[in-house]
Amino acid sequence: MRTAPDTGAPSSAAIETITIDVNGQAFEVESCGTGDRLALCLHGFPEHAAMWRDCLPLLAALGYRAWAPNQRGYGASPKPPRIADYDLTRLMEDAAGLIDRSGARSVVLIAHDWGAMVAWCFAIRRLRPLTALIVLNVPHPARYLRCLLRWQHLVRSLYVLGFVFPLLPDWLFRRRGGRFVRSLLRLTAYRPQTLSPVLLDIYCRNMASPGVATAALNWYRAGVFGGLLRQAWQGFPMIEIPTLIVWGDRDPVLSPILIEGMARYVAHLTIDRRPDAAHWVAQEDPAGVAAAIGRFLRDLPPP
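Residue numbering note: each chain is counted from 1, following its sequence as written. The predicted origin of the model limits local features to residues at a pLDDT of at least 70 and limits the giving and counting of side-chain atom pairs to 80 or more, whereas totals for whole chains, interfaces and linings rest on all residues. Each side-chain value is derived from all of the structure's non-hydrogen atoms; neither hydrogens nor water enter the calculation.

Visitor: Mind showing me how you'd approach the overall build of the protein here?
Guide: Put simply, DSSP marks the helices as runs of H or I at least four residues long and the strands as runs of E at least two long, and each gets a number from the N terminus on. Counting its regular elements, the protein contains 12 helices and 9 strands. For the radius of gyration, the atom set is restricted to C-alpha positions; the globular benchmark scales as 2.2 Å times the number of residues to the power 0.38. In terms of C-alpha radius of gyration, the protein reaches 18 Å, essentially the compact-globule figure of 19 Å for 303 residues. Within the protein, the proportion of its 303 residues that are buried is 57%. Any pair of residues with heavy atoms lying within 4.5 Å of one another is described as a contacting pair. For the protein, the share of sequence-separated contacts (at least 6 apart) that also reach a separation of at least 24 residues comes to 76%. In short, Shrake-Rupley with a 1.4 Å probe defines the accessible areas, and a residue's cover is counted only from the protein chains shown. Taken as a whole, the protein presents about 12,700 Å² of accessible surface, with 57% of it coming from carbon and sulfur. Counting rule applied: Lys, Arg positive; Asp, Glu negative; His and chain ends not counted. Charge placement uses NZ in Lys and CZ in Arg. For Asp and Glu, CG and CD serve respectively. Distance from the positive charge centre (33 side chains) to the negative charge centre (25 side chains) of the protein: 4 Å. Categorising residues by exposure relies on relative accessible area from a 1.4 Å probe, with only protein chains included: less than 20% of the type maximum marks a residue as buried, more than 50% marks it as exposed, and the intermediate range marks it as partly exposed.

Below, the structure written as structure tokens:
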């Protein structure tokens, strides 16, 4: 066990980096707090478990054992070589394994970007019982696929084709110490001046580490080449647990239209819209996101 690097986030509880074995693979996890209520926080692309360092102490103060794993392909977590190893089914199995290893009696799943897509599908498939679901700036997969039929959203999503192209994006993301990550986040943020330089450095160093860029991009490759469609073929039953969507309205790719009509997919939904943030809402408005999560969790009925 070692102490995680400081990212400048306020902390009232110690955050440690631990290793947890899941199905024979060692996952790097940032951990804060104790108890038998687990808050499992899943990062997205091209992020790192450190993105949750503003939320972990809050979750611990609310009585949760907060875990933020580096998901497969990131940090010191496993980096299997095949694209198929990053299928949504495998990613959900990782989350299920972490929950099992925690031994928690109740679980809240909190996620952003690709982590949010994993979380949506995890809740839909009911792989493990959840007390609540919290997602940041990613719509329900059924709503996303439906809106892709509209040319406006299809055009906004064309960047994905660049990410699934072999070799070139891998080189672009890892070259010059991963500097492209910093440029990407600053370009797509609404208030780039609010992005933590320390956190951006962590993202860049992580992406430049051996094997990470290819593994991270394989999430897109696995998703585009069948992973998300296989979930659609299985159908999308109603999510019955309390669900919070925190949404940065200035997202240049995912329009707020994507969170309209969500009542057909989620029975108990709360939406917290952040007008001065974009896709990287947890980095642009960390205090606002933490406050929204705190309000939501305090209002939950006992598990």
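Visitor: Quick question: what am I supposed to make of the nonpolar core here?
Guide: Burial of nonpolar side chains together is a common tendency in soluble globular proteins. In this text, buried Ala, Val, Leu, Ile, Met, Phe, Trp, Tyr and Cys residues form a nonpolar core when linked through side-chain atoms within 4.5 Å. Phe45, Leu59 and Leu297 are the most contacted members of the largest nonpolar core, which totals 108 residues. The contact partners of leucine 297, leaving out residues within four places of it in the chain, are Leu59, Leu62, Tyr64, Val108 and Ile134.

Visitor: In this structure, what is going on with the packing of helix 2 (residues 88-102) against helix 3 (residues 114-125)? I would like to understand it.
Guide: In helix packing, the relevant descriptors are the interaxial angle and the interaxial distance, both defined with respect to the helix axes. Axes here mean lines fitted to C-alpha atoms, for a helix over just the part in contact, with angles spanning 0 to 180 degrees between N-to-C directions. It is the contact of helix 2 with helix 3, at a shortest axis distance of 9 Å, that shows an interaxial angle of 75°. In terms of their interaxial angle, helix 2 and helix 3 are classed as roughly perpendicular. Contacts between helix 2 and helix 3 involve Leu88, Leu91, Met92, Ala95, Ala96 and Ile99 from the former and Trp114, Met117, Val118, Cys121, Phe122 and Arg125 from the latter. A per-class count over the contact of helix 2 with helix 3 returns 11 nonpolar, no polar and 1 charged. The cut-offs work like this: below 35 degrees is roughly parallel, past 145 is roughly antiparallel, 65 to 115 is roughly perpendicular, and the gaps in between are oblique. Under the grouping applied here, Gly and all other residues not named as nonpolar or charged are polar, the nonpolar ones being Ala, Val, Leu, Ile, Met, Phe, Trp, Tyr, Cys and Pro and the charged ones Asp, Glu, Lys and Arg.

Visitor: Hey, could you run me through unusual backbone geometry in this one?
Guide: Leaving glycine out, the prevailing phi sign among residues is negative, and the prevailing peptide bond configuration is trans. Geometrically, the link from phenylalanine 45 to proline 46 is a cis peptide bond, its omega value of -5° lying close to zero. Its place among the elements puts proline 46 in the loop between strand 4 (37-42) and helix 1 (56-61). One non-glycine residue, arginine 176, adopts positive backbone phi at about 50°. Its location among the elements puts arginine 176 in the loop between helix 7 (168-174) and helix 8 (179-188). Given a relative accessible area of 52%, arginine 176 falls into the exposed group.

Visitor: Whenever I open this one, the pattern of salt bridges confuses me. Can you help?
Guide: If charged atoms from side chains of opposite charge come close, those side chains can pair. Salt bridges are counted wherever a side-chain nitrogen of Lys or Arg sits within 4 Å of a carboxyl oxygen of Asp or Glu. The full count for this structure, using the stated rule, is 13 salt bridges. Across the salt bridge formed by aspartate 272 and arginine 295, the nearest N and O atoms sit 3.1 Å from each other. With aspartate 272 in strand 9 (residues 266-274) and arginine 295 in helix 12 (residues 286-298), this pair connects stretches of sequence that are 23 residues apart. Aspartate 285 is the partner of arginine 274 in a salt bridge, and the nearest nitrogen-oxygen pair spans 3.1 Å. Placement of arginine 274 in strand 9 and of aspartate 285 in the loop between helix 11 (281-284) and helix 12 is noted, with a sequence separation of 11 residues between them. There is no split in this pair, since arginine 274 and aspartate 285 are both buried. Residues joined by salt bridges that share partners form a network here, namely Asp272, Arg274, Asp285 and Arg295.

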